[in-house]
Amino acid sequence: MIFRCSGKIAQRLCLSEIISKDEYELYQYAVFSIISTIIPLIMVMTIGGILGLMKNGIVMIIPFLTIRKFCGGFHAKREWICILLSVIVVTGCIILTTYCKADIWLNGGVIGAVLTISMFSPVVSANRDIPKQERMICRKIAVVLTVISASIYFVLRFWGYNQFAVCIAVGVILTAVLQDLAWIQTKIALRNQAIIER
């Protein structure tokens, strides 16, 4: 749906002679990227507003969106399943930010997230195939963004801003969990494909 919508917008730009036909795919991707970033923000603001936890939601989603863009993650095969799962996961994570404490366990979760994102980024799947050279760039960017987010978590925790520290931690850990699930899914698919080819 999002890709179709971005295609229609790019097509209108082309028909209006604002862009050339050669630029169609570039603008389609650009519009897709913008919409893919705006929708989670609107969803988090809506769910956070309903729960009275909008600040928590926004602080949580910022590291998630920035890191996930470069490390990849689990994707549902159908868009309606993706939307439903996203609403459930985002709601759960926003609520989780009120129950988590900035303690040694959360420190361990953040450090574990940094390690798994460093090891597995980017996840290359059927939905997201990227050239080998771009993979190294994506990995470096994902690692830098994750380390920056983890550093912000530890600084906020040190200064006593535990509510926001927890939100950042949940965003980083959520990113790592979804990436790890995608990595496992990709490995299972490759193993199944190898079995079929025998």
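About the cut-offs
Every chain begins its residue count from 1, and numbering advances along the sequence as written. Given that this is a predicted model, residues contribute local features only at a pLDDT of at least 70 and side-chain atom pairs are listed and counted only at 80 or more, while totals for whole chains, interfaces and linings are drawn from all residues. Hydrogens and water are ignored here; the side-chain numbers use all heavy atoms of the structure. Throughout this description, the term nonpolar core refers to a set of buried Ala, Val, Leu, Ile, Met, Phe, Trp, Tyr and Cys residues connected via side-chain atoms within 4.5 Å. Each residue gets one of three labels from its accessible area relative to the maximum for its type: buried under 20%, exposed over 50%, partly exposed in between, using a 1.4 Å probe on protein chains only. The helix count covers DSSP runs of H or I at least four residues long, the strand count covers runs of E at least two residues long, and both are numbered beginning at the N terminus. Pairs of residues are marked as contacts when any of their non-hydrogen atoms sit within 4.5 Å. Known as pLDDT, the predictor's confidence for each residue is given on a scale from 0 to 100. Note on geometry: axes are lines fitted to C-alpha atoms, helical ones only across the stretch in contact, with angles between N-to-C directions running from 0 to 180 degrees. Angle categories: roughly parallel below 35 degrees, roughly antiparallel above 145, roughly perpendicular from 65 to 115, and oblique for all the rest. Residue type decides the class: Asp, Glu, Lys and Arg count as charged, Ala, Val, Leu, Ile, Met, Phe, Trp, Tyr, Cys and Pro as nonpolar, and the leftover types, Gly among them, as polar. Note on disulfides: each one is a pair of cysteine sulfur atoms within 2.5 Å. Each Phe, Tyr or Trp ring, with Trp reduced to its six-membered ring, pairs with another whose centre is within 6.5 Å; inter-plane angles below 30 degrees give stacked pairs, above 60 give edge-to-face pairs, and intermediate values give tilted ones. A helix is expected to span 1.5 Å multiplied by its residue count minus one.

A. Spotlight on the nonpolar core. In this structure, Met60, Val90, Ile94, Ile117 and Tyr153 are the most contacted members of the largest nonpolar core, which totals 32 residues. By residue number, the principal contributor to this core is helix 7 (residues 162-197), which donates 10 residues. Setting aside anything within four residues of it in sequence, one finds Ile94 in contact with Val44, Ile47, Gly48, Leu51, Leu53, Gly57 and Met60.

B. Fine view of the confidence of the model for the chain. On average, residues of the chain score 87 in pLDDT, and 96% of them reach the 70 mark or higher. Element-level pLDDT for the chain is lowest in helix 1 (residues 2-15), with a mean of 77, against a maximum mean of 95 in helix 5 (residues 104-120).

C. Spatial organisation of unusual backbone geometry. For the bond from Ser121 to Pro122, the omega torsion is -20°, close enough to zero to count as cis. Following the sequence through the fold, Pro122 ends up in the loop between helix 5 and helix 6 (132-159).

D. The packing of helix 3 (residues 54-71) against helix 4 (residues 79-99), seen in detail. Here helix 3 crosses helix 4 at 110°, and the two axes come no closer than 9 Å. Here helix 3 is positioned roughly perpendicular relative to helix 4, judged by the angle of their axes. For the pair formed by helix 3 and helix 4, the contact residues are Asn56, Gly57 and Met60 on the first element and Cys93, Ile94, Thr97 and Thr98 on the second. Each residue belonging to the contact of helix 3 with helix 4 can be placed in one class, and the counts come to three nonpolar, four polar and no charged.

E. Summary view of the state of the cysteines. According to the stated counting rule, one finds zero disulfides in the structure shown. Its sulfur unpaired, Cys138 is 9.5 Å from the next cysteine sulfur, which belongs to Cys71. Given a relative accessible area of 11%, Cys138 falls into the buried group. Sulfur of Cys167: no disulfide; nearest cysteine sulfur belongs to Cys100 and is 9.3 Å away. For Cys167, a relative accessible area of 0% translates into the label buried.

F. Region of the structure containing the packing of aromatic side chains. The full count for this structure, using the stated rule, is two aromatic pairs. Relative to Trp183, the ring of Phe120 lies with its centre 4.2 Å away and its plane at 25°, an arrangement referred to as stacked. You can see Phe120 sitting in helix 5 and its partner Trp183 sitting in helix 7, a full 63 residues away along the chain. Taking the relative accessible area as the measure of exposure, Trp183 reaches 30% and is therefore partly exposed. On the numbers, 4.8 Å between centres and 70° between planes, the contact of Tyr153 with Phe154 is edge-to-face. Residue Tyr153 is classed as buried on the basis of its relative accessible area, which comes to 0%. Of the residues examined, Phe154 reaches a relative accessible area of 32% and is grouped as partly exposed.

G. Highlighting helix 2 (residues 24-51). Between its first and last C-alpha, helix 2 extends 40 Å over 28 residues, near the 40 Å set by a 1.5 Å rise per residue. Those residues of helix 2 not exposed but buried are Gln28, Val31, Ser33, Ile35, Pro40, Met43, Val44, Ile47 and Gly48. Following helix 2 by one or two positions, Gly52 adopts a phi angle in the positive range, close to 75°.

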